[in-house]
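# Coordinate analysis (summary)
The chain contents come next:
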Amino acid sequence: MAEQLRLMAVHAHPDDESSKGAATMAKYVAEGVDVLVVTCTGGERGSVLNPKMDRPEVWANIGEIRRAEMDAARAILGVEQAWLGFVDSGLPEGDPLPPLPEGCFALQDVEVAAAPLVRLIRKFRPHVITTYDEEGGYPHPDHIMTHKVTVAAFEAAGDPERHPDLGEPWQPLKLYYDIGFSRGKILALHEAILAAGIASPYEQWLERWEERPDKGPRITTRVECAEYFPVRDDALRAHATQIDPDGFWFQVPMELQQRAWPTEDFQLVRSLVDSPLPESDLFAGVRETAHAR
Ligand SMILES: [Zn+2]
């Protein structure tokens, strides 16, 4: 009998799961995979990025509202979701940067902060875990901390000597970093947008690209999931305080996005199974191993 496959995606804030790898999760859910999103912080220090939601009563209840938004997005994606319970560090701005607020996620000891994730891994028993790269995908202190904590928990969860009080050891088989933006992807979208006669927001981004390394060469795994881009967008819109539904992204025709870049892309960084690269499936090598058990 085939073993139930399980995927865990570790994110920093409510909304990150809907902008990074969301279509991939929706695809695996449709295939019958159990998917658990872990949200490290409550997003308490996020701004209100949607002008229509920028109202005093929203600001006054932002924590509660973001939990309700997460609930709606979770239902749309068809995933389970768990809070790790840490407090948002906020995105420090200014020169020099102000110190991080006391008690926030990014100031925790990595080993200590990884403990609740070790507990969740041992309980949910994922075969595959996804998270951000060492730069956090983008340089928010909570995203970098999410990376550190996930790598630490991936290593510790299967070790019976570590955290013996946190449940039966479980060793996940593969660890991936989400590669949201590569130069190839931005260029493909940019050219498709121009060809459709729409002004491209990526013009300046591409001009400045020289300053940042291209993560394209790191991609090992491209998951075809264009069919689920509309589900991703619905989940994003559920985070109404964080997403402006009139923003540029939602004006780009869906068909254009699906044609220009039909995959979500990942970098395989740890694997305990045989899975020749490049791959098109996060469970490549795992399906065989899991079924043979
Ligand atoms: Zn975030």
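Before reading on, note that the structure itself is shown above.
I will try to describe carefully the structure that is included in this document. Since we're looking at a predicted model, the values are computed, not measured.

So, on to the sheet that holds strand β4 (residues 128–131). Pairing is mixed in the open sheet, where seven strands are placed in the order β3-β2-β1-β4-β5-β7-β6. Both edges of this open sheet fall to β3 (80–86) and β6 (221–224), since each of them pairs with a single strand only. Shown here is a sheet whose adjacent strand axes are inclined to one another by a mean of 25°, direction ignored. In the packing of helix α4 (residues 62–77) onto the sheet, contacts are made with β2 (34–41) and β3, and the angle to β3 comes to roughly 155°. Relative to strand β5 (residues 174–178), helix α6 (residues 141–156) is tilted by about 170°, and along the sheet it contacts β1 (6–11), β2, β4, β5 and β7 (263–271).

The next point concerns unusual backbone geometry. Cis geometry marks the peptide bond from Asp95 to Pro96, where omega comes out at 0°. Here the amide bond leading from Leu277 into Pro278 is cis, since omega sits at -5°, within 30 degrees of zero. Locating Pro278 in the fold gives a position in the loop between β7 and α11 (286–292). Residue Arg125 is not a glycine yet carries a positive backbone phi of 55°. Take Arg125: it is sitting in the loop between α5 (110–124) and β4.

We now examine the coordination of the zinc ion. Around the zinc ion, the protein contributes the donor atoms His13 (ND1), Asp16 (OD), Asp16 (OD) and His143 (NE2), which lie 2.1 to 2.6 Å from the metal centre. In this structure, the zinc ion is surrounded by four donor atoms whose angles at the metal cover 53 to 143°, and the resulting shape is irregular. Site description for the zinc ion: donor spacing in sequence, H-x2-D-x126-H. Separated by 130 residues along the polypeptide, His13 in the loop between β1 and α1 (16–19) and His143 in helix α6 bring together distant segments of the chain.

Rules used throughout
As a convention, each chain's residues are numbered from 1 in the sequence order in which they are written. Totals for whole chains, interfaces and linings use every residue, but because this is a predicted model, local features are given only for residues with pLDDT of at least 70 and side-chain atom pairs only at 80 or more, for both listing and counting. Hydrogens are left out, water is left out, and the side-chain values use all remaining heavy atoms of the structure. At least two DSSP bridges between two strands are required for those strands to pair. Secondary structure is summarised from DSSP: a helix means a run of H or I of at least four residues, a strand means a run of E of at least two, and numbering begins at the N terminus for each. Here the axes come from fitting lines to C-alpha atoms, over the contacting stretch only for helices, and the angles between their N-to-C directions go from 0 to 180 degrees. By the convention used here, residues are in contact when the closest approach between their heavy atoms is within 4.5 Å. Atoms are scored as donors when they are N, O or S and lie within 2.8 Å of the metal, with 3.2 Å used for Na, K and Ca; no water is included, so coordination may look incomplete. In this scheme the shape depends on donor count and angles: four donors with every angle between 85 and 135 degrees give tetrahedral, four or six donors with opposite pairs above 155 degrees and others between 65 and 115 give square planar or octahedral in turn, and any other case is irregular.

Such coordinate-based values are descriptive only and should not be taken to indicate function.
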